[in-house]
Each structure stands twice: as C-alpha cells, then as structure tokens.
Amino acid sequence: MSDRASIAHFGQINRRTLMMGAGAGLAVAAMPKRLWAQGAPTLVTSIRSLSNPYHAVWKTGAEAYAASVGLEHVTLVSEGNSEKGIADIKAMLAKTGGNMVLNSDPNDTPDARPIVEACKSAGASVVTQWNKPADLHPRDFNPNYVSHIEFDGIASGKQIAEILFKAIGGSGGIIALGGLISTTAAIERKKGLDEALAANPNIKLLDFQVANWKSTEAFDLTSNLLTRFGDDIKGVWAANDDMGTGALEALRAEGLAGKVPIVGIDGIKTAVDAVRTGEFACTITSDPFWQGGMGLSIGYNAHMKKFDPATQPPEHREFYGKVVSITKDNVEEYYKNNIDSKPTMDWNDLWGRVTGAIRA
Amino acid sequence: MQSFWSRAGKARRWRAFAPLAVLIVLCILIAIANPNFIEPRNLIRVANSAAVPLTLAMGMTFIILLGSIDLSVEGAMSVAAMVLVLLATNDSNANNYGWFAVVAAIAASTVMGLASGFLQTTLRIPSFMATLGVWFIGLGFSVYMLGGSAVRLMDENIRALALSRFLGFPLAVWIALAAFAVAIVIQYHTRIGRHIMAIGGGEDVAELSGINLRRVRIMAFGLAGFFFGVAGVLAAAQLGQSNAVIADGRLFAAVTAVVVGGTALTGGEGGVLNTLVGVLIVTVLANGMILLGISPYIQQTVQGLMIIAAVALSLDRFNLKIVK
C-alpha cells in the first residue's frame, strides 16, 4: 500500500522541497562561473575504452602532460557508445563552464561534429584525432576547433609491407590479415599493401583475409591458411599488432615462429618483444603516448592564447602525424625509453611531427 | 491416422540426424574442392580450433536445455583468463603459482556462474538480464585488473597446453574432449542432468514432481561457469597472453554451435552430443571457406545462411504452435 501511495504522489512537490531544490539549483548555477571563470582550464581526454593497450597508453600520455603543466585532468570513456561519448563531453562542458581543453578520439566519424559544435558554443578548445567527417574543418570553428590529427594509413601499410618484403629477401609468397572491413584504417592500410605489392612483382599475395583486428581470429585464420599454402608462406602482413601476435602463436604451434617474419602496426608491448626476439620484422606506432599528451598540449596552448589557431597554416590545422617504426635496429633503444620507463617528450614541440596536410 | 503418426515419428528421427548429415556433406564437398582438407595436419588444426568453442558450448548446452540463456560467456571467460595470467608467471607482476592459477581461474568463473543462478532464483531476474549484468561485471573487473593492456602468459607448463602434443593433437584438444566426456556423464548419468532436461521440457511439471528448481538452476549455471573457465584457460594458453577482450565474439559462436547442433532454444530437446556436431559444423565451415579461398567479404553471409538452414532442418518447425 505504501508503495502505491508513494507512486501516486511521485512528482508532487510541497513548498519546502521546492524552495530547497531551487536554492540548491541556484547555488550550483552560480558556482561554476565564480570557481572556474578565471581559473586554469580543466584538461579532458575522451577515448573509446580502457580495455585496449592503445587507449591505455593514450591515457598515460595525457596524464604525463597534465602533470607537466600541473593541471587537473579528467578521462571520459565512451565504451564504444557515441551517445555516451557526446553526453559525457557536454556534461564536462557544463561543469567547467566551457573553461576546458578537450582532446578527443571520437567514437565514430559523425560524432566529431556535435562534439566540436558543443565546444564552440561553450568556448572550450578542442583537438580531434582519427575520426571526423571530410567536410568538417577546424578553420570553420575558429578559434575553438584547434586541430585535427590523423596518421596516414596508406603510408603505414606500405611501409610495413616494404620492410616485410626486404625481410624475406625480395621474393616469395605472403599472407595478409586485414582489420574490420568497414573501418577507414583497415581500408587505407590494405591500400598501402596493394601499392607496395604493385611495386614488387616478385612478391605474391597468397591470400588476404579479415581477422577484425582480433588476435583470436587471426590465430584461427593463420592456422587455416597454413594448411592451404603450407611452406609457400614466407611472411605475414598484419594490419595491426594484435592480429600479428595471433598469427605468431599459430606459427609457434607449428614450430615456425621466427622463421616466418611478421609485420604489424601499433607498437604494442607483445609486438615490441617479438621484434626483439626476431619473430616480428617490424611494428610501427602512431605513438599513443604522444597523441594523448600532444593533443592536450596543442589545445592548451591555443586556449591560453600562446598562438592563434586562425593564423596557423593549413598543415597545422589538419595534419598527418609521423609514425615511429620499430625494427631490429632500434628496438633496444625504443624498449629502454618507452617500455621500461615512461618516455620523455618535449610537449612544447607542437608541430615537430607534422608530415603534411591531410589529403582532401 | 496410424500411418500419419508413424510417418511423423520417422521424420522426427531423421531430423535428429540432420546436423550430422550436414556435417558429413560439408566435409565431402570441401574435400572434393580441396583435398588438403583431409590431410592429417589440417584435421588436427580443425580439432585445435574447435577446442575452445567445444568447451564453451558444453556449458552453454546445459543452460539452453534449461530453456534459459547465459550471456555471461565473454565476461566469465575473460575473468578466468585474467585470473590465470595474473597468478601464473607473467610479464606484469612477480606471481608464480603454477597450476594453482589454473584452479583459481576455473573457480572464479564457476563462482560467477553460481552468482548468475543465484541472482535469477533469488531476485527472480530473467536469465537473459541476470547474465547480461554478470557479463559486464566480469568484463569491467578484468579490464580493471589488467589495466587495459595485454599481459603475457609465460608459465611454460600452462603454455604447453597449446604447444605440446599427445598422439599428434595439442593437449588443448584432449582437454576439450575430456570436458565433452564430463558433459556426457553429467547429462546422461546424473540426477542433475535429468533434472535439467525435465525443467527445460516443462518447468511447472518438473516442479510438481518434486524437483528443486532453485537448486538445479544454480547448479546448472555454476556448471556452465566451470566450462567457461576451462575455455578461458585454454584460450589464454593458445594465445600466450590475456587481455580483457580475449573472449570477444565467443558468445555468438557458442550459441550458434549449440543451435546448429539441433538443441532447441525452447529447452528440453537436444544435448551435448548435438553440440559436438554443431561445433564441428561451424569450425569445419570456417576452415573450409578459407581452404576454398572464399572472399572474406562473403564468408559471414555464408555462415548466416548456414545457421538458418541448420536450424530449419533440425527442428520440426511446422508443428510449433508459436514462433517467438
């Protein structure tokens, strides 16, 4: 009975509750302006998930940067849910009264627009990475939308392919494992592989299969491909390291680890270890530590009016970042600086890794 | 009238063998197209890639026989793999508990299963929602514990589950077969097995005949958790590492295998033998499509068609009163 009574009265308000509610509301509404308006901005990182090594390192980079400038840092995780990603950002904008710097890896391409628009109207500074619609440009949202950063997938796919071809001696058959077919990175990296194949007629692509970025699927696929092609497989091209390590374990089960070189992208720890033991020929990384810190640094410098985004050249507004390639030659050094210890980075070198404006 | 019923009976018996027939036809077709398929090396690979799905599907079969569903597969597996890798020799902490890590891993996921059963029976939450919740709890927990990165499993003895062989087959295959044998014994020779079938066939009747629904449900989900744990250990051993998303996509594969094998989602019909056939169909199909060089762009479509065909064949669907 009491349940029913409370449900019936739900939504009814007496005068005291109304007064208290209004009072609390006013207090909250008054707070942000006074507390944050003149204060330092809050640094905000918005990423997809913390369950993959890539974004986990991204967060470390963001925290390292925040510590270097002594600012508060908040990480928002969308868990692959675009609505949640955007709603969390809007909540942070409301909480900080727009005095914030956002570095965002939008969950999906269309998400970039509402994120940028919300930041513009709140007066926050935003840097996006990887995903944005082709017709959304930082220059149209001066000065709030500072920069957009991507990494050239075609160049990366081509670069690892060429290292692989060299590792197998310039001729022979290879198999390739691609990412989720609908993603831009997967399409671009494959295109890079195709370009490298076109330039190397002695290399034969035995089969291209899709393992959806996952090492478990790559494991099964590689075992099956070993049946189909056997000893004709001289090398494995993987569109990311996770699939590369799956392929490596499949090779290991057949006693082929180290005999058939693998190349991948991302620079995850397992792959770097495999480069050290000679099981991977190379891996390249967009350096999520740099992405996490530099995205905030570029945004923060613009927010503090250290530079005016509107006067920057196009290649500082929408650019490809430089990838770092990890091969036998530099792996020990990379390991020492990036895995055994946190890398040291010059966060003021804002444009040091710009390789050019993004292709239209 | 007499002849109609006997004909229907015959049809039903034929249908029980439909999945097996599908498997055999599939094998013959693939072998004709690419003789490499029946090479011993390939058959060993098929067995190896069936090991994890088979172990998982054993657990799932009992739940589907109950007429319930267990969505916690990916969470339970990921917790098991996480516990295993963090307690055994690894590259992230200094633990080195050897086989105790395996026991702890399986125990952790069994507890998760018992918790699913407990939530359903005590709070009266449908299995669909209860296990969905447990899935995310488990996943969140292993993300937290692993700190988002992949941790390598470096205990040679546990890695040997995937890397060493007995009679040509990796040890993982033998463990999956042992799990299968255990499941057979449970289903056909124990009281809990018979009670699960009875509840799936008709929960109210089962209750009236004195079966303790609550206990059977909790035990069945615990049992499923046990199998998911074993699968988690095998998966981590195969990949030589564990990350929170090690079980991605396994839920779908397990349910597919059970249903393709001819176990009805309505419960009370089918069993672990069917599931063995179902797992083999799914694995052979995946292997075969790669051997035949079918474009990755259409492989998924073929798998979807296969599922629909197998389910349509294996159940007497036209006599179903309701399709939901």
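Note that this is a predicted model, so its numbers are computed, not measured.

### Concerning the overall build of chain B
When you go through chain B residue by residue, the secondary structure sums to 14 helices and four strands. Relative to the globule expectation of 20 Å for 324 residues, the C-alpha radius of gyration of chain B, 20 Å, shows essentially globular dimensions. Along the three orthogonal principal directions, the C-alpha set of chain B runs to about 75 × 55 × 35 Å. Considering chain B as a whole, with its 324 residues, one finds that 54% of them fall into the buried category. Here the contacts in chain B between residues at least 6 apart in sequence split such that 77% fall between residues at least 24 apart. The centroid of the 20 positive side-chain charges in chain B is displaced by 10 Å from the centroid of its 12 negative side-chain charges.

### Looking at the interface of chain B and chain A
Many structure descriptions define interface size as the accessible area lost when the parts assemble. On the side of chain A, 32 residues touch chain B, which itself brings 36 residues to the contact. Surface buried jointly by chain B and chain A totals about 2,900 Å² across both partners, of which 50% is contributed by carbon and sulfur atoms. The interface formed by chain B and chain A contains four salt bridges. One salt bridge connects A:D273 with B:R152, and the closest N-O pair in it is separated by 2.8 Å. Across the contact surface, chain B and chain A share 13 residue pairs in polar contact (both at pLDDT 80 or more).

### Focus: the pattern of salt bridges
In a structure, side chains of opposite charge can pair up when their charged atoms sit close to one another. A complete count under the given rule lists 22 salt bridges over all chains for this structure. Where A:R228 meets A:D207, a salt bridge forms, and the shortest distance between an N and an O atom there is 2.8 Å. Here A:D207 lies in strand β7 (residues 203-210) and A:R228 lies in helix α8 (residues 215-229), a separation of 21 residues in the sequence. Residue B:R45 is joined to A:E254 by a salt bridge in which the shortest nitrogen-to-oxygen separation is 2.8 Å. In this pair, B:R45 sits in helix α3 (residues 40-65) while A:E254 sits in the loop between α9 (241-253) and β9 (262-265), so the two residues belong to two different chains. Under the relative-accessibility criterion, A:E254 is labelled partly exposed at 26%. Because the salt bridges share partners, they merge into one network encompassing A:K269, A:D273, A:R276, A:E332, B:D91 and B:R152.

### Observations concerning unusual backbone geometry
All names here are of chain A. Residue P143 follows N142 across a cis peptide bond; omega there is -5°. Counting through the fold element by element, P143 comes out in the loop between β4 (125-129) and β5 (145-150). You will see that K305, though not glycine, has its phi angle at about 60°, which is positive. The topology assignment puts K305 in the loop between α11 (288-303) and α12 (314-317).

### Some details on the environment of A:G235
Residues and elements named next belong to chain A. Inspection of the secondary structure assignment puts G235 in strand β8 (residues 233-238). On the basis of relative accessibility, which here comes to 0%, the residue G235 falls in the buried class. In this structure, the C-alpha to C-alpha distance between G235 and Q291, residues 56 residues apart in sequence, is 30 Å. The residues contacting G235, other than those within four sequence positions of it, are L164, I168, G173, I174, I175, V260 and P261.

### Here we look at the packing of helix α8 (residues 171-189) of chain B against helix α11 (residues 213-239) of chain B
Residues and elements named next belong to chain B. Their axes nearest at 11 Å, the elements α8 and α11 cross at an angle of 175°. When the axis of α8 is compared with that of α11, the two are roughly antiparallel. Facing α8, whose interface residues are A172, I175, A179, V182, A183 and I186, α11 presents L223, F227, V230 and L234.

### Here's the deal with the sheet that holds strand β2 (residues 73-77) of chain A
Residues and elements named next belong to chain A. What the seven strands build is an open sheet, ordered β2-β1-β3-β4-β5-β11-β13; its pairing is mixed. Because the sheet does not close on itself, it has two edges, and the strands there are β2 and β13 (354-357). For this sheet, the mean angle separating the axes of adjacent strands, direction not counted, is 25°. Taken together, the five bridges between strand β1 (residues 42-47) and β2 define a ladder with parallel strand orientation. The residue of β2 that forms the bridge with V44 is V74.

### So, the nonpolar core
Ranked by internal contacts, the top residues of the largest apolar core, which has 85 residues, are B:F62, B:L84, B:I158 and B:I196. Residue contributions to this core peak at 16 residues, all from α11(B). With residues up to four places along the chain from it excluded, the contact list for B:F62 reads B:A183, B:I186, B:Q187, B:I196, B:L223, B:F227 and B:V272. Formed by 49 residues, the second largest nonpolar core is a distinct cluster that contains A:L164, A:F229, A:Y334 and B:I290.

### So, the side chain of A:Q129
All names here are of chain A. Topologically, Q129 is positioned in strand β4. A polar contact of 3.1 Å, which involves the side chain of Q129, links it to the side chain of N103. Polar contacts involving the side chain of Q129 include one to the side chain of Q291, which spans 2.9 Å. Those residues in contact with Q129 that lie beyond four places of it in its chain are W58, N103, S104, D105, P106, H148, I149, Q291 and G295.

### Considerations on α9(A)
Residues and elements named next belong to chain A. For α9, with 13 residues, the first-to-last C-alpha span of 18 Å sits near the 18 Å given by 1.5 Å per residue. Most of α9 is tucked away: twelve of the 13 residues are buried. Just past α9, the residue G255 takes up positive phi, approximately 70°.

### So, the packing of α3(B) against α8(B)
Residue and element names in this part refer to chain B. Two elements in contact, α3 and α8, have axes separated by 8 Å at closest approach and are oriented at 20°. Between α3 and α8, the interaxial angle falls into the category roughly parallel. α3 and α8 meet at a crossing whose hand is left-handed. Packed against α3, whose contacting residues are A47, N48, A51, L54, T55, M58, F62 and L65, the element α8 presents A172, V173, A176, A179, F180, A183, I186 and Q187 at the interface. Partitioning the contact of α3 with α8 into residue classes produces 13 nonpolar, three polar and no charged.

### Overview of the confidence of the model for chain A
Put simply, chain A has an average pLDDT of 88, and 90% of its residues get 70 or more. In the predicted structure, residues 32-37 of chain A sits below a pLDDT of 50 and forms seven contacts with residues beyond four places in sequence or in another chain.

### Comments concerning the pairing of strand β6 (residues 172-178) of chain A
Residue and element names in this part refer to chain A. The buried fraction of β6 is high, at six of seven residues. Sheet topology places β6 next to β7; seven bridges connect them, and they run parallel. Looking at β7, one finds that G173 is bridged to K204. With helix α7 (residues 184-199) bridging β6 and the parallel β7, this β-α-β connection has right-handed handedness. Pairing of β6 with β8 involves five bridges; the strand directions are parallel. The partner of G173 across the bridge, within β8, is I233.

Thresholds applied
- Residues numbered from 1 in each chain as written.
- Chains lettered and ligands numbered in written order.
- Predicted model: local features only at pLDDT ≥ 70, side-chain atom pairs only at ≥ 80, totals over all residues.
- Heavy atoms only, no water.
- Helix = DSSP H or I, 4+ residues; strand = E, 2+ residues; numbered from the N terminus.
- Rg over C-alpha atoms; globule rule 2.2 N^0.38 Å.
- Buried < 20%, exposed > 50% of the residue type's maximum accessible area, 1.4 Å probe, protein only.
- Contact = heavy atoms within 4.5 Å.
- Lys, Arg positive; Asp, Glu negative; His and termini not counted.
- Charge placed at Lys NZ, Arg CZ, Asp CG, Glu CD.
- Buried area = accessible area lost by both parts, 1.4 Å probe.
- Salt bridge = Lys/Arg side-chain N within 4 Å of Asp/Glu carboxyl O.
- Polar contact = N/O pair within 3.5 Å; in protein donor to acceptor, adjacent residues only side chain to side chain.
- Axes fitted to C-alpha atoms, helices over the stretch in contact; angles between N-to-C directions.
- Parallel < 35°, antiparallel > 145°, perpendicular 65-115°, else oblique.
- Pairing = 2+ DSSP bridges.
- Core = buried A, V, L, I, M, F, W, Y, C linked by side-chain atoms within 4.5 Å.
- Expected span 1.5 Å × (residues − 1).
- Left-handed = near helix turned anticlockwise from the far one by under 90°.
- Nonpolar A, V, L, I, M, F, W, Y, C, P; charged D, E, K, R; others polar.
- pLDDT = per-residue confidence, 0-100.
- Right-handed = clockwise from strand over helix to strand, strands pointing away.

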